[in-house]
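Architecture and fold: a report
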Amino acid sequence: LYGSAEVGKSSVVQTIAECSVQEGNLTVTSFLWREDLARNDIRRLIPTIAFQIANAIPKLRPAI
């Protein structure tokens, strides 16, 4: 999501994530922050996603 500060982007995403957890559909979450270059680095995002997938679906660990 993209928008001005304090319009509720994080709240919307958090609600979607919580609903997905309740339905058993959530595997990965990640929050990026435009002003924090460390949190917007694709070199960190991909390993984070891979780590979360490996924890959520153990049989995929060897492939990851």
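Structural data are supplied above this passage.
Treat the numbers as computed from the prediction; the structure is a model and nothing was measured.

1. Some points on the overall build of the chain
Counting its regular elements, the chain contains two helices and zero strands. Computed over its C-alpha atoms, the radius of gyration of the chain comes to 14 Å, more than 25% above the 11 Å expected for a compact globule of 64 residues. Judged by the C-alpha coordinates and their principal axes, the chain covers about 40 × 30 × 10 Å. Going through the 64 residues of the chain one by one, you find that 9% of them count as buried. Element-wise, carbon and sulfur atoms account for 58% of the exposed surface of the chain, whose accessible area totals about 5,400 Å². Across the chain, the 7 positively charged side chains and the 6 negatively charged ones have centroids separated by 9 Å.

2. Digging into the side chain of serine 20
For serine 20, the position within the fold is in helix α1 (residues 9–23). The contacts of serine 20, once residues within four sequence positions are left out, are Asn25 and Leu26.

3. Here's the deal with the environment of aspartate 41
Here aspartate 41 shows up in the loop between α1 and α2 (42–56). For the pair formed by aspartate 41 and serine 4, sequence separation is 37 residues and the distance between their alpha carbons is 21 Å.

4. Description of a nonpolar patch on the surface
Where nonpolar side chains cluster on the molecular surface, the patch consists of Leu1, Val12, Val13, Ile16 and Phe31 and spans about 460 Å² of accessible area. Looking at where phenylalanine 31 falls in the secondary structure, it is placed in the loop between α1 and α2.

5. Focus on α2
The end-to-end C-alpha distance of α2, which contains 15 residues, comes to 21 Å, matching closely the 21 Å that a straight helix rising 1.5 Å per residue would cover. Turning to α2, its buried residues number three or more, namely Leu45, Gln52 and Ala54.

6. Comments concerning α1
With 15 residues, α1 should reach 21 Å at 1.5 Å per residue; the first-to-last C-alpha distance of 21 Å fits that figure. Taken from the residues just after α1, glycine 24 is the one with a positive phi, measuring 80°.

Reading the values: rules and limits
Residues numbered from 1 in each chain as written. Predicted model: local features only at pLDDT ≥ 70, side-chain atom pairs only at ≥ 80, totals over all residues. Heavy atoms only, no water. Helix = DSSP H or I, 4+ residues; strand = E, 2+ residues; numbered from the N terminus. Rg over C-alpha atoms; globule rule 2.2 N^0.38 Å. Buried < 20%, exposed > 50% of the residue type's maximum accessible area, 1.4 Å probe, protein only. Areas by Shrake-Rupley, 256 points an atom, 1.4 Å probe, with all protein chains shown as cover. Lys, Arg positive; Asp, Glu negative; His and termini not counted. Charge placed at Lys NZ, Arg CZ, Asp CG, Glu CD. Contact = heavy atoms within 4.5 Å. Patch = residues over 30% accessible without salt bridge, like charges linked within 9 Å, V, L, I, M, F, W, Y side chains within 5 Å. Salt bridge = Lys/Arg side-chain N within 4 Å of Asp/Glu carboxyl O. Expected span 1.5 Å × (residues − 1).

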